[in-house]
Amino acid sequence: MASVETAMRYVLLGAAACFVLGLHLMNHPARARRGNQLSAAGMTAAVLAAVVLLVSEGAITTTGWIVFVTAAAVGATAGLYTARRVQMTAMPQLVSLFNAVGGGAAALLAVTDLLHPGAAALPARVTVPAGLDIIIGAVTFSGSLIAAGKLQGVVASRPVVFRGGRAANLALALVFGGSAAWVVARPDSPVALAALVLAALAFGVTMVLPIGGADMPVVISMLNAFTGTAVAMGGFVLGEPSLIVAGALVGASGGILTKLMADAMNRSIPNIILGGFGTGDETPAVGAAGGGQVRAVAADDVALQLAYAGRVIVVPGYGLAAAQAQHELAELGNVLEAHGITVEYAIHPVAGRMPGHMNVLLAEAKVPYPQLKEMDEINPEFPQADVALVVGANDVTNPAARRRGNPISGMPILDVDRAKSIVVIKRSMGHGYAGIDNELYTDPKTGMLFTDAKQGLAALLAAVRTFVA
Amino acid sequence: MSLDLLTAVTVFVLGLLVGFEVISKVPSTLHTPLMSGANAIHGIVLIGAMLITAAARDTVGYALAFAAVAFGAMNVVGGYAVTDRMLQMFKARLSGAPEGVNSHGER
C-alpha cells in the first residue's frame, strides 16, 4: 500500500509542476492554449492518482463511491455546460461563480474535518488553518455569489449602502474572529462551528453589497486570491501539499491582479472595500461639459477621415461591450486594414468588468491579437496616429488625470489627446464613473459623433465601404 | 497523511513566490484567461473533496462530501473548458485573410 501512496505523491508533484509550467506558457498568446492544456493534463493525472490510491486502500465505502461518482458527474456536467454556453461578456460572472464553488468546497473540507468524532483531539496546527479556511472559504462563497449576481444584474449593481452597514461588518468580523478562537479552543463544539460558518457567510454578503459595479475587476481579483488561499488552508488541514501549492499559485495570481486593477483605477484596496466615491454602475446622462466648445461631427465625415488615414488607434471601453458592438468594430478594423491602413487597439487595464476582459471580447470578434496593445506599449504611439477612435471609454482617456487636484489625478490613462485627430463615439456628454468632465471632448482636435456605439459603428462601416470600394 | 507544519509553510511560501514570479510575466492581454485558468487550478480542491468522501461515515458526512465533490468538479471541468474556449479565440491573423493583407510590424 505504501508504494501506491508514494507513487501518488510523485504524480501529485508532477501535477504541481504542470500547473507552474502551464502558467509559465501563458506569457504569450501563441503558447497560452498549450499551457492551459498542460495544466489540465496535470489535473487529470492528479485526480486519477487519487482515485487509484483510494481504490487500492479500499478507503471509500460503497455509499462513498456512489456519492462521489454522482456528485462528480453533476458538478462536471454543470461546469461543462456553463463553460460551453456562457457569453464572453458574461465571463466575469462565470469566474465569480467558479470562485464561489472553489471557496465553498475548500470551506467544506475544514467543516467536515471538525465534525469528525475525533475532532476534540485535533492540534492547533490543524484547527488554526481550519478556522482560516472556513472564514476565507465562506466569505468567498457568499461574496462571489453576490458579485456574480451584481454582474448578472440579479442583484443591484449600484453600491447597496444601509445605515449601520460598517458597524454590522465590524460586528460580524468580531463574531467570526471570536468563534474562530472558540473553534481552536474547542474543536468539537458544533455551536462554535455553526457560528463561525454563519458569521463568515454573512460577512461575505455585507462586504460585497456596498461595492459598485465599476469596482468589480478589483473585487473579482481579490475573491480569486481568497479562493486560492482558502484552498491552501484546506491543504494545511488535510496535510495535502498539492492543495497548498495550487492554492498558493492562485493566491499569488489573484493578489497580483488585485494590485494591478486597483492601481489602474487609481483606488486603494481599502478604499474600494470601505466604499468610496461614485462607484455606481449607471453613468449619469446629465450635465454638459463646462467651458470649451464641443465639435459634433457626422458619420460620413468620420468615415472620410478614417479612409484617408495611414494609422488608426481604436480605444474601446466597457460601453462598447455593453452595446454588444465589438463585432461591428472588428469589421470596421478589418475593412480599414484591407485598405492598407494600420489599425491597433489600445486596451486600458480596466476596460471591461474583469482584468483583460476587453481583449477576450475583441478576440471573440476575430481581432488578431498582435493588434491588441497594452497601455504602456501603445501610449508612445499616439502622436503618430492620424485618428484615435474612442468607443465607449471615458475616464481612462481624460487628460485631467495628469494634473493634480481632481478625482482621477494620477490615474494611468491612454494618451489619446496626443493623436493627430480624435473621434469619440458617445451618446451624450454624460460623465464617467469619476463624475467629472472629460477634457478630451472639448479639445479642438476632437470630433464628437453623438450616437449609440452599435449604430454609430454600423454607419461608419457602411460609409467607409463606399469610400474604399 | 501527515505533513508537519514547517514543511507545509515552506511549501506554501515557495508556492507563493513561484506564483508571483511566473504570473507577473503574463501580459495583460491574457489576464482574463489567466484568471479563469488559475480558477481551474484551485479546482484541485476536488482531491481534498475525495479525501473527505473517503472519511465520511454518516449522512451528514456524505451530504457535505457530495457538495464538496460537486463544487470541486464544476470548478475544475468548467474552469479548464472555458479557458480553452477563450484561448482558442486568440489568433495571430485573420483566418481566411490572404497572407500580408493586414501587414503589421511584428508578425
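Along each chain, residue indices are assigned from 1 in the same order as the chain's sequence is written. Here chains are named by letter from A upward and ligands by number from 1 upward, in the order in which they appear as written. Local features in this predicted model are restricted to residues of pLDDT 70 or higher, and side-chain atom pairs are both shown and tallied only at a pLDDT of 80 or more, whereas totals for entire chains, interfaces and linings draw on every residue.

**Student:** Explain the overall build of chain B residue by residue, including any values.
**Tutor:** Each helix corresponds to a stretch of at least 4 residues labelled H or I by DSSP, and each strand to a stretch of at least 2 residues labelled E; elements are numbered beginning at the N terminus. Of regular secondary structure, chain B possesses 4 helices and 0 strands. Along its sequence from the N terminus, chain B presents helices and strands in the succession α-α-α-α. The contacts of chain B with a sequence gap of at least 6 include a subset with a gap of at least 24, amounting to 62%. The contact criterion used is a C-beta to C-beta distance within 7 Å, with each C-beta placed from the backbone.

**Student:** Tell me about the overall build of chain A, and please be specific about residues and values.
**Tutor:** Counting its secondary structure elements, chain A contains 16 helices and 6 strands. Projected onto the principal axes, the alpha-carbon positions of chain A cover approximately 75 × 50 × 35 Å. Put simply, of all contacts in chain A between residues at least 6 apart along the chain, 80% involve residues at least 24 apart.

**Student:** Tell me what's going on with the interface of chain A and chain B, and back it up with residues and numbers.
**Tutor:** The interface of chain A with chain B comprises 97 residues on the first partner and 86 residues on the second. Here the term charged refers only to Asp, Glu, Lys and Arg, the term nonpolar to Ala, Val, Leu, Ile, Met, Phe, Trp, Tyr, Cys and Pro, and the term polar to all other amino acids, Gly among them. By residue class, the composition of the side of chain A that touches chain B is 61 nonpolar, 28 polar and 8 charged.

**Student:** Please provide a residue-by-residue account of the domain arrangement of chain A, values included.
**Tutor:** Residue and element names in this part refer to chain A. Each domain's extent was defined by an automatic or database domain assignment. Split by domain assignment, chain A resolves into domain 1 (1–85), domain 2 (88–282) and domain 3 (299–468). Summarising the inter-unit geometry, the C-alpha centres of domain 1 and domain 2 are found 24 Å apart. Taken together, the contacts link 8 residues of domain 1 with 5 residues of domain 2. Ranked by residue count, the leading element in the side of domain 1 that touches domain 2 is helix 1 (residues 2–25), at 6 residues. Broken down by class, the residue content of the side of domain 1 that touches domain 2 amounts to 7 nonpolar, 1 polar and no charged.

**Student:** An account of the sheet that holds strand 3 (residues 372–374) of chain A is needed here, citing residue identities and associated values.
**Tutor:** Residue and element names in this part refer to chain A. We treat two strands as partners when DSSP finds at least two bridges between them. Reading across from one edge, 3-2-1-4-5-6 is the order of the 6 strands in this open sheet, with parallel pairing throughout. Here the strands that pair on one side only, and so sit at the sheet edges, are strand 3 and strand 6 (446–450). Shown here is a sheet whose adjacent strand axes are inclined to one another by a mean of 25°, direction ignored. Summarising the sheet, strand 1 (residues 311–316) and strand 2 (residues 342–347) pair through 4 bridges and their orientation is parallel. In the sheet register, Ile-313 faces strand 2, and the bridge partner there is Glu-344. In the packing of helix 13 (residues 326–338) onto the sheet, contacts are made with strand 1, strand 2 and strand 4 (387–391), and the angle to strand 1 comes to roughly 170°. As a rule, the C-alpha atoms of each element are fitted with a line to give its axis, helices using only the stretch in contact, and angles between N-to-C directions run from 0 to 180 degrees.

**Student:** Tell me about the pairing of strand 4 of chain A, and name the residues and values.
**Tutor:** Residue and element names in this part refer to chain A. Working definition of burial: number of other C-beta atoms within 10 Å of the residue's own, with buried at 20 or more, exposed at 12 or fewer, and partly exposed in between, all C-beta atoms being placed from the backbone. Most of strand 4 sits out of view: 5 of its 5 residues are buried. Of the two faces of strand 4, the one holding Val-387, Leu-389 and Val-391 and the one holding Ala-388 and Val-390 are both buried throughout. Bridge count between strand 1 and strand 4: 5 bridges; the pairing is parallel. Looking at strand 4, one finds that Val-314 is bridged to Leu-389. Judged from the 4 bridges that link them, strand 4 and strand 5 (residues 422–426) form a sheet pairing that is parallel.

**Student:** Tell me about helix 13 of chain A, and name the residues and values.
**Tutor:** Side chains of residues three or four places apart in an α-helix project in the same direction, reflecting 3.6 residues per turn. Residues and elements named next belong to chain A. In this model, helix 13 (13 residues) spans 18 Å end to end at C-alpha, consistent with the 18 Å of a helix rising 1.5 Å per residue. Burial analysis of helix 13 places 10 of its 13 residues in the buried class, the great majority of the element. Here helix 13 has its buried residues at Gln-326, Glu-328, Leu-329, Ala-330, Leu-332, Gly-333, Asn-334, Val-335, Leu-336 and Glu-337. At the exit of helix 13 stands Gly-340, carrying a positive phi of roughly 90°. Working rule for helices: expected span equals 1.5 Å times residues minus one.

**Student:** With reference to specific residues and values, describe the nonpolar core.
**Tutor:** Ranked by size, the top nonpolar core spans 215 residues in total, and within it Ala200(A), Leu249(A), Val312(A), Val315(A), Val390(A), Val391(A) and Val69(B) carry the most contacts. Setting aside its immediate chain neighbours within four residues, Leu249(A) contacts Phe19(A), Val20(A), Leu23(A), Gly228(A), Gly15(B), Gly19(B), Ala38(B) and Ile41(B). A set of buried residues qualifies as a nonpolar core if it consists of Ala, Val, Leu, Ile, Met, Phe, Trp, Tyr and Cys joined through C-beta atoms within 7 Å.

**Student:** Would you mind going over the packing of helix 3 (residues 45–55) of chain B against helix 4 (residues 59–87) of chain B in detail, with residue names and values included?
**Tutor:** All names here are of chain B. Two numbers describe how helix 3 lies on helix 4: the axes approach to 8 Å, and their chain directions differ by 160°. On the basis of their axis angle, the class for helix 3 and helix 4 is roughly antiparallel. The interaxial crossing formed by helix 3 with helix 4 has left-handed handedness. Here Val-45, Leu-46, Ala-49, Ile-52 and Thr-53 of helix 3 come into contact with helix 4, specifically with Ala-65, Ala-68, Val-69, Gly-72, Ala-73, Asn-75 and Val-76. Of the residues assigned to the contact of helix 3 with helix 4, the class counts are 9 nonpolar, 3 polar and no charged. Any angle that is under 35 degrees is reported as roughly parallel, and any over 145 degrees as roughly antiparallel; angles of 65 to 115 degrees are reported as roughly perpendicular and all others as oblique. By definition, turning the near helix anticlockwise from the far helix through less than a right angle yields a left-handed crossing, and turning it clockwise yields a right-handed one.

**Student:** Explain helix 7 (residues 190–208) of chain A to me, using residue names and the numbers behind them.
**Tutor:** Residue and element names in this part refer to chain A. With 19 residues, helix 7 should cover 27 Å at 1.5 Å per step; its first-to-last C-alpha distance of 28 Å lies within 8% of that length. Among all positions of helix 7, only Ala-192, Leu-193, Leu-196, Val-197, Ala-199, Ala-200, Leu-201, Phe-203, Gly-204, Thr-206, Met-207 and Val-208 are buried. The elements touched by buried residues of helix 7 are helix 4 (91–115), helix 5 (124–152), helix 6 (165–185), helix 8 (216–238) and helix 10 (269–273).

**Student:** Can you break down the packing of helix 3 (residues 62–85) of chain A against helix 3 of chain B residue by residue, with the values?
**Tutor:** For the pair helix 3 of chain A and helix 3 of chain B, the least separation of the axes is 9 Å and the interaxial angle reads 150°. As summarised for this structure, helix 3 of chain A and helix 3 of chain B are arranged roughly antiparallel, according to the angle between their axes. In this structure, helix 3 of chain A crosses over helix 3 of chain B, and the sense of that crossing is right-handed. Between helix 3 of chain A, through Gly64(A), Val67(A) and Phe68(A), and helix 3 of chain B, the contact on the second element is made entirely by Met50(B), Thr53(B) and Ala54(B).

**Student:** Mind laying out unusual backbone geometry, listing which residues take part and the relevant values?
**Tutor:** Residue and element names in this part refer to chain A. The phi dihedral of Asn-266 falls on the positive side, at around 65°, and the residue is not glycine. Even without glycine at this site, Gln-324 takes up a positive phi of about 55°. Within the fold, Gln-324 resides in the loop between helix 12 (318–322) and helix 13.

**Student:** I'd love a proper account of the confidence of the model for chain A, names of residues and values included.
**Tutor:** Here chain A averages 89 in pLDDT, while 96% of its residues score no lower than 70. Per-residue confidence from the predictor is given as pLDDT, running between 0 and 100. A low-confidence stretch, residues 276–289 of chain A (pLDDT under 50), is modelled with 34 contacts involving residues beyond four sequence positions or located in other chains.

**Student:** Which residues make up the pairing of strand 6 of chain A, and what values go with them?
**Tutor:** Residue and element names in this part refer to chain A. Within strand 6, 4 of the 5 residues are buried, which leaves it mostly tucked inside the rest of the structure. In the sheet, strand 5 pairs with strand 6 via 5 bridges, with the strands oriented parallel. Directly across from Ile-422, in strand 6, lies its bridge partner Thr-446.

**Student:** Give a detailed account of the confidence of the model for chain B, specifying residues and quantitative values.
**Tutor:** Residues and elements named next belong to chain B. The share of residues in chain B with pLDDT of 70 or more is 86%, and the mean pLDDT across the chain is 86. Per-residue pLDDT, averaged within each element of chain B, yields its smallest value for helix 3 (92) and its largest for helix 4 (95). Every residue in residues 97–107 scores below 50 in pLDDT, and together they form 9 contacts with partners more than four places removed in sequence or on other chains. Interface confidence in the predicted complex, given as ipTM, is 0.88; pTM for the same model is 0.88.

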